[in-house]
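Now for the letters of each chain:
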Amino acid sequence: MSTLRSDSRNNDDAPIDQAIVRQAARWMARLWSDDASDADQADCARWRAEHPQHDLAWQRLQAFEGKLHSVPRDVARHALREPAPAAYLNRRRALKLLAVLLPVGGMLYAARGTDAWQVATAGHSTATGELRDIMLPDGTRVMLASASAIDVRYDAGERLLVLRAGEILVTTAHDPAQRPFRVQSRHGTVRALGTRFTLRQDEHTSRVAVFEGAVEVRLAHAPGRPVRIAAGGGAVFSADIVQSADPVPASAAAWTKGVLVADNLRLDELLAELARYRPGLLRCDAAVAGLTVNGVFSLRDTDRALHNLALALPVQIVARTRYWVTVQALPQAAA
């Protein structure tokens, strides 16, 4: 069964009636069952052809399913909180689960605004803890940080990246056709002016840091003249306002080498960064949150980073499980 995906910009976010979504899920469950017949395939094809929304719902579920099968099994098992013996689910069981979840509350489509959904359905993405370097057709290079996702939308008039989740480092290439290069986050659009920069998207803001050249930031909800940011500068912006950030140190892109450079960084801020590169929950006790940290910490081996942190500060690492870790004060320090 081939995997179909809609690349139409007009259809990417088009709402679909939940009854149609449930129908699509039932068809998928039927075709993935062990006794699916050629007649079932033909009936499904006729249903998809009856209305554009039928086919759109089918394509979206197909795209999501394809991404699910690319997730490492151990990661998927942890995310689903399944015990190890039940990890290797076959397609029939997975789709039965999907067919149950969708009628209960349209949970799959309710999740479309989450970073997990954006990572699962994007054209290019990384798992938690993974870094990925990709080369685009024009020679532009994009490095994706942990749990990050982009869609690439090049056409005759522009070169557009859509940042769905996480953080990227972009090194633009010269385009003989002189098409503008833009990166769109949920809060606005960054236009590159022959440059190398990072863009990070969080829930309420996006953050840009420029290392070479310059960029222009145009806000999603405040049209007007763009804000220009030169090399060495940065900005934090919401959909309505741009705020200048501190000068950008060269170490701000150290994550592309798999390390985090801490220069008088608060402990809770450092742990928040490490948490982006490891599965599960990493907590910081309020009693030690304000401790100052200096040093270089591995993002590829966050267990080692936590071990080194405990050597440098009066803290202890308390692990209830591999996926539930708290950094707290040493008993004597708390007394």
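Going by the structure above, here's the rest.
Predicted model only: the values in this text are computed from it and were never measured.

## Considerations on the overall build of the protein chain
- Secondary structure summary: the protein chain contains 10 helices and 16 strands in total.
- Looking at the protein chain as a whole, 42% of its 335 residues qualify as buried.
- At a minimum sequence separation of 6, the contacts of the protein chain that also span at least 24 residues come to 51%.
- Total accessible area on the protein chain is roughly 17,600 Å²; 51% of this is exposed by carbon and sulfur atoms.

## Section: the packing of aromatic side chains
- On inspection of all chains with the given rule, the structure shows 0 aromatic pairs.
- Sitting over the ring of Phe-211, Arg-196 keeps its end group 5.4 Å from the ring centre.
- Sitting above the plane of the Tyr-323 ring, Arg-322 keeps its charged end 6.0 Å from the centroid.

## Here's the deal with the pairing of strand β6 (residues 181-184)
- Residues Phe-181 and Val-183 of β6 are buried on one face, while the alternating residues Arg-182 and Gln-184, pointing to the opposite face, are not.
- Sheet topology places strand β5 (residues 159-171) next to β6; 4 bridges connect them, and they run parallel. Bridge pairing in β6 links Arg-159 to Phe-181.
- Where β6 lies against strand β7 (residues 188-201), 4 bridges are found, and the strand directions are antiparallel. If you follow Gln-184 over to β7, its bridge partner there is Thr-189.
- The antiparallel pairing of β6 with β7 creates a hairpin that spans 3 residues between the two strands.

## Quick notes on the layout of surface pockets
- Here the second largest pocket defines a volume of roughly 1,000 Å³.
- What lines the second largest pocket is a set of 33 residues, and nearest its centre among them are Arg-200, Arg-207, Ala-252, Leu-265 and Glu-273.
- At the level of secondary structure, the elements contributing two or more residues to the lining of the second largest pocket comprise β7, β8 (206-219), β10 (234-237), β12 (259-266) and α8 (267-275).
- Grouping the constituent residues of the lining of the second largest pocket by class yields 20 nonpolar, 4 polar and 9 charged.

## Some remarks on the sheet that holds strand β15 (residues 315-321)
- Taken together, the 3 strands give an open sheet; going across it, the order is β13-β16-β15, and neighbouring strands pair in mixed fashion. Each edge of the open sheet carries a strand with a single partner, namely β13 (281-284) and β15. Going from strand to strand, the sheet's axes swing by 20° on average, the running direction of each strand aside.
- Pairing between β15 and strand β16 (residues 324-329): 6 bridges, direction antiparallel. Counterpart to Ile-317 in the pairing with β16 is Val-327.
- Each of β13, β15 and β16 is contacted by α8, which is oriented at about 175° to β13, the strand it contacts most.

## Things to note about the nonpolar core
- Leu-267, Leu-270, Leu-271, Leu-274 and Leu-309 are the most contacted members of the largest nonpolar core, which has 29 residues in total.
- Contributing elements (two or more residues each) for this core: β8, β12, α8, β14 (292-298), α9 (302-312) and β16.
- For this core, the element with the highest residue contribution is α8, accounting for 4 residues.
- If near-sequence neighbours (up to four positions away) are discounted, Leu-271 is found in contact with Leu-282, Arg-283, Cys-284, Leu-306, Leu-309 and Val-327.
- Grouped together as the second largest cluster of nonpolar side chains are 23 residues, Leu-163, Ile-168, Val-170 and Phe-197 included.

## A short note on the pairing of β5
- Most of β5 sits out of view: 12 of its 13 residues are buried.
- Pairing analysis gives 4 bridges linking strand β3 (residues 141-144) to β5, with the strands arranged antiparallel. Residue pairing for β5: Met-143 is matched across the bridge by Leu-169.
- The pairing of strand β4 (residues 149-154) with β5 spans 6 bridges and is antiparallel. Bridged to Ile-150 within β5 is Leu-163.
- Hairpin geometry of β4 and β5 is characterised by an intervening segment of 4 residues between the two adjacent antiparallel strands.

What counts as what
- Residues numbered from 1 in each chain as written.
- Predicted model: local features only at pLDDT ≥ 70, side-chain atom pairs only at ≥ 80, totals over all residues.
- Heavy atoms only, no water.
- Helix = DSSP H or I, 4+ residues; strand = E, 2+ residues; numbered from the N terminus.
- Buried < 20%, exposed > 50% of the residue type's maximum accessible area, 1.4 Å probe, protein only.
- Contact = heavy atoms within 4.5 Å.
- Areas by Shrake-Rupley, 256 points an atom, 1.4 Å probe, with all protein chains shown as cover.
- Phe/Tyr/Trp six-rings, centres within 6.5 Å; stacked < 30°, edge-to-face > 60°.
- Lys NZ or Arg CZ within 6 Å of the ring centre and 35° of its normal.
- Pairing = 2+ DSSP bridges.
- 1 Å grid on protein atoms, 1.4 Å probe; cavity = no way out; pocket = protein on both sides within 12 Å on 5 of 7 lines; lining within 4 Å.
- Points joined across faces, edges and corners; volume = space filled by probe spheres on them.
- Nonpolar A, V, L, I, M, F, W, Y, C, P; charged D, E, K, R; others polar.
- Axes fitted to C-alpha atoms, helices over the stretch in contact; angles between N-to-C directions.
- Core = buried A, V, L, I, M, F, W, Y, C linked by side-chain atoms within 4.5 Å.

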